[in-house]
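# Coordinates in review
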Amino acid sequence: FDLVIVMTRNSDMHPEKIASAIKFRCNDIPVILMEHNAGSRHNRAPGRTAAPTIDRTFLWTGNTEVVFALIKSTEDWMNVDRDTNLAGIRIILFVEDSPEYTSAVLPILYKELVLQAQAVIDAGLNEEHRLLAMRARPKILVVDNFEDAVAVYEKYESNVLGVISDVRFPRKGKLDSKAGLRLLKKIKSERFDIPQLLISNESRNKDLATRIPARFVDK
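Residues numbered from 1 in each chain as written. Predicted model: local features only at pLDDT ≥ 70, side-chain atom pairs only at ≥ 80, totals over all residues. Heavy atoms only, no water.

## Concerning the environment of Glu154
By secondary structure assignment, the location of Glu154 is in helix H5 (residues 146-155). Distance in space between the C-alpha atoms of Glu154 and Leu33 is 28 Å, their sequence separation being 121 residues. (Helix = DSSP H or I, 4+ residues; strand = E, 2+ residues; numbered from the N terminus.)

Structure, rendered in structure tokens:
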């Protein structure tokens with residue numbers, strides 16, 4: 001098995017116990033939790049998006065594009081080291097701790113990347129070259145806290161194509177209302193040429209984005 005998707009509504013075992021049992025047998029298999037209700041995450045401690053044995057949480061609303069996005073996201077993490085070393089594949093760093101917004105934004109990002117890759121494929125290419133061109137698309141690495149975001153940036157700095165960041169997410173184990181600003185300022189101070197996008201559901205953060213400077217999108 002390459003991937004396990006666990007739904008929250010299982011009659012015989014809690015999803016976190018299922019994930020723990022799977023990881024106990026094979027720690028390398030990615031386990032994705034699919035929630036039906038966005039409100040279920042509010043019972044968790046601040047800054048905790050899922051159990052340690054769950055790699056990522058998505059919100060299932062019936063949109064099948066979420067399944068495509070979570071599979072591509074898992075593949076990107078599996079292949080990033082090899083593809084950056086051998087082919088210099090570029091990376092988009094996406095920082096978001098909310099399963100709701102991750103499930104809404106990530107399908108859009110992957111859809112755009114696929115459309116852009118298709119647009120640059122010359123009609124004269126054979127099928128093998130078309131496949132290579134599609135595989136050469138930038139990878140999207142999703143993280144949900146400040147420390148992981150910095151680690152990804154520092155490891156793949158020369159391959160980072162752009163950074164998309166939320167404003168509020170965990171830093172040092174606690175929710176930090178300015179974590180996104182701290183991250184983008186750090187990257188801007190070291191690499192002024194990397195495009196940055198700050199996303200927030202609070203429109204007043206637009207003014208803070210201009211001070212970095214970074215682009216801003218209201219969720």
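Here the narrative resumes.
## Description of helix H3 (residues 99-120)
Since the α-helix turns once every 3.6 residues, residues separated by three or four places project in the same direction. Taking 1.5 Å of rise per residue, 22 residues should cover 32 Å, and H3 covers 32 Å from first to last C-alpha, within 8% of that figure. Regarding H3, the residues found buried are Pro99, Thr102, Ser103, Leu106, Pro107, Tyr110, Leu113 and Ala117. (Expected span 1.5 Å × (residues − 1). Buried < 20%, exposed > 50% of the residue type's maximum accessible area, 1.4 Å probe, protein only.)

## Things to note about the packing of aromatic side chains
Following the criterion strictly, the structure yields one aromatic pair and no others. For the ring pair Phe68 and Tyr110, a centre distance of 6.4 Å and an interplane angle of 85° mean the geometry is edge-to-face. Of this pair, Phe68 sits in helix H2 (residues 65-87) while Tyr110 sits in helix H3, and the two are 42 residues apart along the sequence. When its relative accessible area of 40% is taken as the criterion, Phe68 is described as partly exposed. Taking NZ or CZ as reference, Arg171 lies 5.4 Å from the ring centre of Phe146, over its face. Positioned above the aromatic ring of Tyr101 is the side chain of Lys219, whose terminal nitrogen or guanidinium carbon lies 3.9 Å from the ring centre. (Phe/Tyr/Trp six-rings, centres within 6.5 Å; stacked < 30°, edge-to-face > 60°. Lys NZ or Arg CZ within 6 Å of the ring centre and 35° of its normal.)

## Observations concerning the pattern of salt bridges
Tallied over the entire structure, the rule returns 18 salt bridges. The salt bridge partner of Arg137 is Asp76, with a shortest N-O separation of 2.9 Å. Placement of Arg137 in the loop between helix H4 (127-135) and strand S5 (139-143) and of Asp76 in helix H2 is noted, with a sequence separation of 61 residues between them. Neither residue differs from the other here; Arg137 and Asp76 are each classed as buried. The shortest N-O distance in the salt bridge between Lys219 and Asp166 comes to 3.2 Å. Separated by 53 residues along the polypeptide, Lys219 in the segment after strand S10 (215-218) and Asp166 in the loop between strand S6 (160-165) and strand S7 (169-171) bring together distant segments of the chain. By relative accessible area, Lys219 is classed as partly exposed at 32%. Judged by its relative accessible area of 7%, Asp166 falls in the buried class. (Salt bridge = Lys/Arg side-chain N within 4 Å of Asp/Glu carboxyl O.)

## What to know about the confidence of the model for the chain
Looking at the chain as a whole, its pLDDT mean stands at 89, while 91% of the residues score no less than 70. Within the chain, H4 has the poorest average pLDDT of any element, 73, and H5 the best, 98. Scored below 50 in pLDDT, residues 41-48 makes 16 contacts in the model with residues more than four places away or belonging to other chains. (pLDDT = per-residue confidence, 0-100. Contact = heavy atoms within 4.5 Å.)

## Observations concerning the sheet that holds strand S9 (residues 196-200)
Paired through backbone hydrogen bonds, the strands of a sheet run either parallel or antiparallel to each other. Taking strand neighbours across the sheet as the criterion, the five strands line up as S5-S4-S6-S9-S10 in an open arrangement whose pairing is parallel. Here the strands that pair on one side only, and so sit at the sheet edges, are S5 and S10. In this sheet, neighbouring strand axes are inclined to one another by 20° on average, regardless of whether the strands run parallel or antiparallel. With five bridges connecting them, strand S4 (residues 91-95) and S6 associate as parallel partners. Along S6, the bridge assignment pairs Ile91 with Val160. Along the sheet, H3 makes contact with S4, S5 and S6, crossing S5 at roughly 170°. Running at roughly 175° to S9, helix H6 (residues 179-190) makes contact with S4, S6 and S9 of the sheet. (Pairing = 2+ DSSP bridges. Axes fitted to C-alpha atoms, helices over the stretch in contact; angles between N-to-C directions.)

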